[in-house]
Structures are given as C-alpha cells and as structure tokens.
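Examination of the molecular architecture
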Amino acid sequence: MPLDPWFTMYKDKILKHLISSKNGFTSGAELARGLHITRAAVWKHIKTLEREGYAVEAAPSKGYRLLAVPDILLLDDIKQGLKTGTIGREIHLFPELVSTNALAMEMASTGAADGTVVIAETQTGGKGRLGRTWISPKGNLYISVILRPGIPPHKAPLITLMAAVALTSTIRQRLEVQAGIKWPNDILISGKKAAGLLTEMRAEPDRVKHVVLGIGINVNMDMAELPVPLRKLSTTLSAETGKKIDRTVFLQQFLVELDSWYQLFLKGGAAVIEAWEMFNITVGNRVAVSGPGETFEGMARGIDTDGRLILKLDDGTSRQVAAGDVTILKNRDMKNAE
Ligand code: BTN
C-alpha cells in the first residue's frame, strides 16, 4: 500500500515533538491541538511509531514519552551540523535499494551534482568487486558518492585509494582501532575485512565523466547475517571496539574526512599515495595475486602514481598490477627471512 504523505507528515511531526520533549511527557490533547487532529489520530500515529521500532510510554494522565529510538538513519540527523564543502551537499537516504551504486550511476548520468551521496539501510543486490555480491544486512552503512573530478581515466583508481585512506583514517582516529588497507581497497582490522570499496565510472577517452564511489562498511550487523564461509573472514566496527557504534555520527565523521581528502586529491595525488602507503598492510609482504585467469606470487614493493601495485617477481622482474585479489603470505615471507 502506498504511504499516505499526510499520515507520514503528522507522524513525523509527533516524533519530532516527542524527541524535542527529551524525557518529558507530552499530553495527547496538546499534540492533537497543535496538529489540528483528533486524539484518536494521535494514538494511531503513536502505534505506527511503535511498529517502526520506537518505544513510547503512554501514561493515562500524563500523555506520551519517548523511551527509545530504533537504530535507523534519519536524513535530518545526518545533515545536522555536517560541515563539508562538496561531499554530501545533496544526500538521498533509502530504507532499501537494490544497490546504492546502481542508483548513483543512474543519477550521475542524469546530471546529479559532484558530491551527491546515496545511502541505503539495506541492499538486495549490493555489488562487490570482480562481479561478486556484497551481502547487505541492516545495521551497516552502504554509501555511494557521485564525483566529477575531471581527471583522465587512468587516474580513477586513485579515487578508491583516496576513499580507503579517508575511511581508515576515520576508523583509526574516531574509534581508536588499528585498521589497515589491503591493496587495492579492502579495509582490514585484525586480519578480517571490515569494509570494501567499489568504484565505477563513465569516461570519455581522455576524461572521466563521473565516478561512483561505493563504500560498504560493516558497522553493527549481526555476523549471523553473513553466509558461513564469510563469517571467519569478516568483522564489524562494533565487534572490534566492543560497543555499538552510532552510525550517524560515524557516517558524518567519514563524510567530513572524505571531503578533505577529495580536496587534497584534486590538488594532486601525491598526498593520497603517501597516506595510503602509511596505512597499507600489503607493501613489504610476499603476496599472491589472483587476476582473471592467472595467479602469481611476488614481493609487494609499493604502488605507482596511478595506484597500481608494483610486484617483484621471483625471476627478478617487476610487474604492475591494475586489478586482482591479493592474499598476504606473511608466514612464507617470515620463513624466507629466517
Ligand atoms: C568489495 O568487493 O570489497 C567492494 C564492496 C563494495 C560494496 C558497496 S556497498 C555500497 C555500494 N553499493 C554497492 O552495490 N556496492 C557498494
């Protein structure tokens, strides 16, 4: 059944009122008078709020009092006090999407502004790297950012590195957790994946038209929501910190960080590469890279100015890798060193 916009408007107004009353009661009569609706209508809206996960106490002679809010993202809260220049000038929030990246790509091709952000509480067809699915249960963050950096296509991978730097820096500074970047764009904590990035773009031969930067962050999800084989490879920010994370606050902190790294990136990629090298956990290790149709091993030596991984192969030659899955073979490297 389509939502009645008037119903939603009254319900939202009642909710705002209950929130602004902090811990105090508001009488049903006062709410009804203020909104020019009946007390029975107020009661109906309260029941709907309860179905949405709000806990509301109803006391006969006092009225209604908000006890708890569900863990949902609200657009007003996200925008509240968000101090960014470009990122999040426009924000679109959805309870459910097939994929934030898919919608953002559509919006970008119909003219959405640089910095537009698309967020979903859950995705039914979240896209991962290399054609994989990104399982997207509630409790996490699924974000896509439309960027129009006006760079040549070969520089586009640096956008992913830039976002990985911004996210790692946010996790380290705000949650005091030692996150690291596994090339090209996995954010790992204690060896397990906490976030992934997927960049898609439309480009002309010499210029990127737009980029959609997709970020999936495991925040508060219940690990049981993941398929069994993924559970031992994944972690969440709440599991690593031992507490439930306020997703709105973390999202705002990340958008601010991304905004400043984007400005730095537009001035030239050097600062991004320097920070990426500082945060990365790949370089200096022996790694196995599996790409389309082949797997090979070598020592990860660094990244080049386009963000490609530089490997020294066993025959002494160098190879630059633009895409692939990296496994860090730390043990073998340590044995070699012994
Ligand atoms: C990876 O495979 O590591 C990349 C995962 C990227 C997932 C994010 S979630 C938000 C955005 N929308 C998508 O469909 N994918 C990206």
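Anything mentioned here points back to the structure above.
Described in the following lines is the structure provided in the data block. The shown structure was predicted, so the numbers you read here are calculated from the model rather than taken from an experiment.

1. Structural notes on the site of the ligand
The ligand sits among 20 residues. The nearest are Ser99, Thr100, Lys127, Arg129 and Lys193. Thr100 is positioned such that a nitrogen or oxygen atom in its side chain is 2.9 Å from a nitrogen atom of the ligand. Burial of the ligand by the surrounding chains reaches 98%, relative to a free accessible area of 420 Å². Those elements that place two or more of their residues in the shell around the ligand are α5 (100-109), β5 (141-147), β8 (192-204) and β9 (207-217). The greatest single-element share of the shell around the ligand, amounting to four residues, is contributed by β8. Split into classes, the residues belonging to the shell around the ligand amount to six nonpolar, 10 polar and four charged.

2. Structural notes on helix α3 (residues 39-51)
Taking 1.5 Å per residue as the helical rise, α3 with its 13 residues ought to reach 18 Å, and the 19 Å between its terminal C-alpha atoms agrees with that figure. Listing the buried residues of α3 in full gives Val42, His45, Ile46, Thr48 and Leu49. Angular distribution of buried residues about the axis of α3 spans 160°; they occupy a single face of the element. Exposed side of α3, more than 90 degrees from the buried face: Ala40, Lys44 and Arg51 are the residues found there. For α3, the secondary structure elements touched by its buried residues are α1 (5-20), α2 (28-35), β1 (55-59) and β2 (63-68). A positive phi of about 110° marks Gly53, the residue just after α3.

3. Here we look at the pattern of salt bridges
If you walk through the whole model with that rule in mind, you get 18 salt bridges. Among the ionic pairs, Arg65 bridges to Glu57, the shortest N-O distance being 2.7 Å. Arg308 is the partner of Asp304 in a salt bridge, and the nearest nitrogen-oxygen pair spans 2.8 Å. For Asp304, a relative accessible area of 10% corresponds to the buried category.

4. Focus: the sheet that holds strand β4 (residues 117-123)
Here seven strands make up an open sheet; going across it, the order is β3-β4-β5-β9-β8-β7-β6 and the pairing mixed. This sheet does not close on itself; its edge strands, each paired only once, are β3 (91-97) and β6 (179-182). Within this sheet the neighbouring strands show an average axis-to-axis angle of 20°, counted without direction. Strand direction decides the pairing type here: strand β7 (residues 186-189) and β8, joined by four bridges, are antiparallel. Each residue of the ladder has a partner; that of Leu188, found in β8, is Lys193. Against the sheet, helix α6 (residues 157-175) makes contact with β5, β6, β7, β8 and β9, and its axis sits at roughly 165° relative to β6, the strand it touches most. Along the sheet, helix α9 (residues 247-266) makes contact with β4, β5 and β9, crossing β5 at roughly 25°.

Rules used in this analysis
Residues numbered from 1 in each chain as written. Predicted model: local features only at pLDDT ≥ 70, side-chain atom pairs only at ≥ 80, totals over all residues. Heavy atoms only, no water. Near = heavy atom within 4 Å. Polar contact = N/O pair within 3.5 Å; in protein donor to acceptor, adjacent residues only side chain to side chain. Areas by Shrake-Rupley, 256 points an atom, 1.4 Å probe, with all protein chains shown as cover. Helix = DSSP H or I, 4+ residues; strand = E, 2+ residues; numbered from the N terminus. Nonpolar A, V, L, I, M, F, W, Y, C, P; charged D, E, K, R; others polar. Expected span 1.5 Å × (residues − 1). Buried < 20%, exposed > 50% of the residue type's maximum accessible area, 1.4 Å probe, protein only. Arc of directions from axis to C-beta. Contact = heavy atoms within 4.5 Å. Salt bridge = Lys/Arg side-chain N within 4 Å of Asp/Glu carboxyl O. Pairing = 2+ DSSP bridges. Axes fitted to C-alpha atoms, helices over the stretch in contact; angles between N-to-C directions.

No statement about biological role is implied by the geometric values presented.
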